[in-house]
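Listed here are the chains, written in short residue letters.
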Amino acid sequence: MSDTEQTPSETDLSADARQLILRCGYASAAVALIPIPGVVVVGVTPIHVGMVLNLGSLYGAEIGRDSAVALVTRIGAAAGASYVGSRAALALGQTFIPVVPGLLGAPVIFANTLAIGAVAKSHFEGREELDDDEVRELYRSALAEAKTQFNRRGVHSDEA
């Protein structure tokens, strides 16, 4: 078997990881709809950390909460303005107009969550540590793809 072929268990593992990331994306988007200032910062971060913890577990990595927080922080720092700016804009918008930023921000938070999940998934799949340039490129690529995947009905699903 060549290195590019996957065994059924690797395929299943990847599918399980994508499903976990998607559920977390919709859960994050649902939080963004809550019309309380600051809820995105307070409510979405635990979802991201939980997603990383669960991805680590799925891939057999021994990872604790502090390591998960560090990985989410590293991804956010490497992603730069697109990560920090979206959260700041939503938090500021909810302070002045509580409902509208949530409606507009849900797809943004969804996409950010999927991008963080994609980078974390690559981190756990890989044999080597990703450098900041690789993290940034993976994040931006996953973010662009995730922006096309949002479905408002997913926010209201039982899985979210």
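Calculation rules
Residues numbered from 1 in each chain as written. Predicted model: local features only at pLDDT ≥ 70, side-chain atom pairs only at ≥ 80, totals over all residues. Heavy atoms only, no water. pLDDT = per-residue confidence, 0-100. Helix = DSSP H or I, 4+ residues; strand = E, 2+ residues; numbered from the N terminus. Contact = heavy atoms within 4.5 Å. Buried < 20%, exposed > 50% of the residue type's maximum accessible area, 1.4 Å probe, protein only. Polar contact = N/O pair within 3.5 Å; in protein donor to acceptor, adjacent residues only side chain to side chain.

Participant: Can you walk me through the confidence of the model for the protein in this structure?
Facilitator: For residues with low pLDDT, the predicted coordinates do not support detailed interpretation. When pLDDT is averaged along the protein, the result is 80, and 74% of the positions lie at 70 or above. Confidence, read as mean pLDDT per element, is least for helix H4 (residues 81-96) in the protein (51) and greatest for helix H2 (residues 39-58) (92). Within the model, the stretch residues 92-102 combines pLDDT values under 50 with 18 contacts to residues more than four positions away or in other chains.

Participant: Looking at this model, I keep getting lost on the environment of aspartate 16. Mind explaining?
Facilitator: Along the chain, aspartate 16 turns up in helix H1 (residues 8-32). Note: C-alpha distance between aspartate 16 and leucine 55 (39 residues apart in sequence) is 9.2 Å.

Participant: Sorry if this is basic, but what is going on with the side chain of histidine 48 here?
Facilitator: Its place among the elements puts histidine 48 in helix H2. You can call histidine 48 buried: its relative accessible area is 1%. Among the polar contacts made by the side chain of histidine 48, one reaches the side chain of threonine 113 at a distance of 2.7 Å.

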